[in-house]
Amino acid sequence: MNHRFFLIVSVIAVVLVSFCTKKADRAPAPAPAQIPVVAKSKDTVSLIKPPEWTRAPVSRCTQNRRLVDTISAHDPENGIVTYELIAAPQGYKLDQKTGVITFTPRTSGVQDVHIRAVNAQGAAADLQYQLTIAPAAAPAKKLPGKITAALRAPEPAPKADTIVPGKPPTKSLDTPVVAAKIKQAPAADTVRPAAVAPDTAKKIVPQEKKVTAPATVKAGGPYLARVGRPITVEGAVHSPDSKVVEYAWDFNGDGVYEWKSATTSRAQAAFKKSGAYTIKLKATTADGKETVDSAQVTAGNTPPKAHAGGLAIVANPGQKVKLNGIGTDPDSNIVKYEWDFNGDGVYEWASATTGVVSHVFKKYAVAVLRVTDADGAAGTDSVRIVICPDDMRTIPGGKFCIDTYEWPNKRGKMPLVNITNAEAEQACRTAGKRLCTANEWIMACQGKEQNVYPYGPEFEVDKCNTLGNKWSAKKLSESGQFGECVSPYGVHDMSGNAGEWTSSGEGSQRAIMGGSWENGGRGSECSASIAVDKDRKYFYAGFRCCK
């Protein structure tokens with residue numbers, strides 16, 4: 001009887017212990033009032049992306065004419081975007097809030113403009129372009145009207161009439177008589193010519209000589225061109241009195257007309273170098289007359305583009321890395337390729353023909369490629385050489401490095417907590433690093449196996465400093481104390497212990513990842529996050545850095 005009673009009591013005790021243990025695991029300790037406890041799934045975490053340009057400025061304007069334009073950029077995370085003027089010609093103004101541009105150029109030519117769009121998180125997107133300023137148009141010339149002139153031929157002197165007494169003269173009375181012959185008339189007689197009928201008079205019709213007007217020619221313009229790219233020029237020719245038999249263009253102002261046509265003034269021209277050009281259109285009419293007009297062309301250079309070979313290359317210390325630098329130029333005239341291997345502004349390598357080179361890197365670096373065209377315009381691009389320091393771990397899939405432990409990234413040291421997001425960012429910058437994004441943090445925690453927890457697919461209460469761990473003191477622990485709480489890449493304490501600030505979020509909020517010692521299975525997953533005020537301090541929130 002006693003044996004049966006003891007067995008029943010034992011079974012009941014086991015059931016009660018199991019029930020209490022599961023309940024404790026399901027119900028994490030309530031957070032203090034000042035700590036947001038709203039959990040978000042990994043789908044609600046987004047990277048901080050730089051602004052995206054949605055409206056670029058016009059690249060052409062005219063001397064002495066006021067330019068008013070508007071640029072705009074959109075923040076993918078719906079934040080506020082402001083604009084900064086990095087470089088521009090004198091008098092170029094940009095409203096930092098509205099993006100309105102005002103500019104009245106006083107000289108013609110090509111000017112470099114550099115504008116930057118910055119969102120509330122400090123992420124920036126640069127816009128660089130060349131503003132082509134066309135010369136002011138010359139005042140129109142007043143063309144003479146149609147000229148019509150009639151020249152009257154001088155009247156020839158009439159021949160002397162022969163007068164016979166008793167007969168009428170053969171000329172009209174209105175024709176002057178120059179001389180008269182009289183046939184042996186008596187001296188006493190006075191001989192007068194008789195009247196002549198009007199229809200018998202000879203009429204002298206004056207002849208008119210027509211004078212043709214010259215053709216009127218307008219060469220058009222001003223024209224804007226890109227170096228090496230053909231543009232179409234077309235003039236307007238009007239000839240009222242004589243047919244145009246030839247159209248001709250002089251594109252370099254040397255007096256030699258390189259292009260001719262008998263039917264049209266429409267032609268194409270290309271200019272090899274940037275600058276201002278005067279071109280001339282000549283029209284020749286059938287009567288041999290030539291009329292010329294000129295126009296202005298401003299040719300601007302399109303800068304080349306550099307391609308350093310991608311965002312990042314993962315390497316080991318002392319490994320020779322091949323850099324595949326490429327340059328593209330719409331004018332097809334790149335004359336120099338250069339590499340700055342450590343991003344210090346000094347280009348240690350150069351070539352006139354290629355941007356492909358191999359170099360040995362000893363540590364993490366940012367290599368910069370610069371390409372230059374024949375007009376001196378240049379373009380740059382960079383690639384990160386990911387060689388992680390000893391206290392960081394390499395994440396090959398994302399091509400970045402992450403701290404092995406929570407900051408200050410020292411095994412056996414207590415993680416730094418109770419700081420704002422901005423203070424965490426500044427600590428990383430001082431160390432030559434940056435605050436990790438939420439996606440980078442998740443990638444380093446899950447590994448290529450896509451684990452739910454850093455150590456595997458299922459929650460194991462005693463692996464990390466999480467709620468219910470019998471080895472935990474239910475408070476923050478030193479970094480690395482829980483040796484099995486490590487990700488496939490060798491990153492420690494990414495589940496529980498201290499929650500970790502990231503640079504991802506919207507507006508005034510930022511994501512804290514991985515839960516703390518007060519979170520159980522659900523709250524300590526690799527994708528677990530809460531969105532909190534970035535300017536507040538939380539006693540459970542620390543961070544780690546990436547680069």
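Above this text is the structure in question.
Only a predicted model underlies this, so the values are computations on that prediction, with no experimental measurement involved.

Draft legend 1. Structural view of the pairing of strand β21 (residues 290-300). Across four bridges, strand β14 (residues 223-226) lies against β21 in parallel orientation. Paired with A225 across the two strands is A299, which belongs to β21. As paired strands, strand β20 (residues 275-285) and β21 are joined by 10 bridges and run antiparallel to one another. Note that in β21 the partner of G275 across the bridge is A299.

Draft legend 2. A look at the sheet that holds strand β23 (residues 312-314). The strand order across the open sheet formed by five strands is β23-β29-β28-β25-β26, and the pairing between neighbours is mixed. Both outer strands of the open sheet, β23 and β26 (349-351), are each paired with one neighbouring strand and no more. Here the strands of the sheet are splayed against their neighbours by 20 degrees on average, with no regard to which way each runs. Here three bridges tie β23 to strand β29 (residues 378-386), and the two strands are oriented parallel to one another. Each residue of the ladder has a partner; that of I313, found in β29, is I385.

Draft legend 3. View of helix α3 (residues 438-446). Along α3, seven of the nine residues are buried, which leaves the element largely enclosed by surrounding structure. Here α3 has its buried residues at A438, E440, W441, I442, A444, C445 and Q446. At the exit of α3 stands G447, carrying a positive phi of roughly 70 degrees.

Draft legend 4. Looking closely at unusual backbone geometry. For the bond running from G221 to P222, omega is 0 degrees, close enough to zero to count as cis. For P222, the position within the fold is in the loop between β13 (216-218) and β14. Cis peptide bonds are those with omega within 30 degrees of zero, and the linkage from W407 to P408 qualifies with 20 degrees. Tracing the chain through its elements places P408 in the loop between β31 (400-403) and α2 (421-430). Backbone geometry places Q450, a non-glycine residue, at a positive phi of 60 degrees. Looking at where Q450 falls in the secondary structure, it is placed in the loop between α3 and β33 (499-501). Even without a glycine there, the phi angle at D493 is positive, about 60 degrees.

What counts and how
- Residues numbered from 1 in each chain as written.
- Predicted model: local features only at pLDDT ≥ 70, side-chain atom pairs only at ≥ 80, totals over all residues.
- Heavy atoms only, no water.
- Pairing = 2+ DSSP bridges.
- Helix = DSSP H or I, 4+ residues; strand = E, 2+ residues; numbered from the N terminus.
- Axes fitted to C-alpha atoms, helices over the stretch in contact; angles between N-to-C directions.
- Buried < 20%, exposed > 50% of the residue type's maximum accessible area, 1.4 Å probe, protein only.

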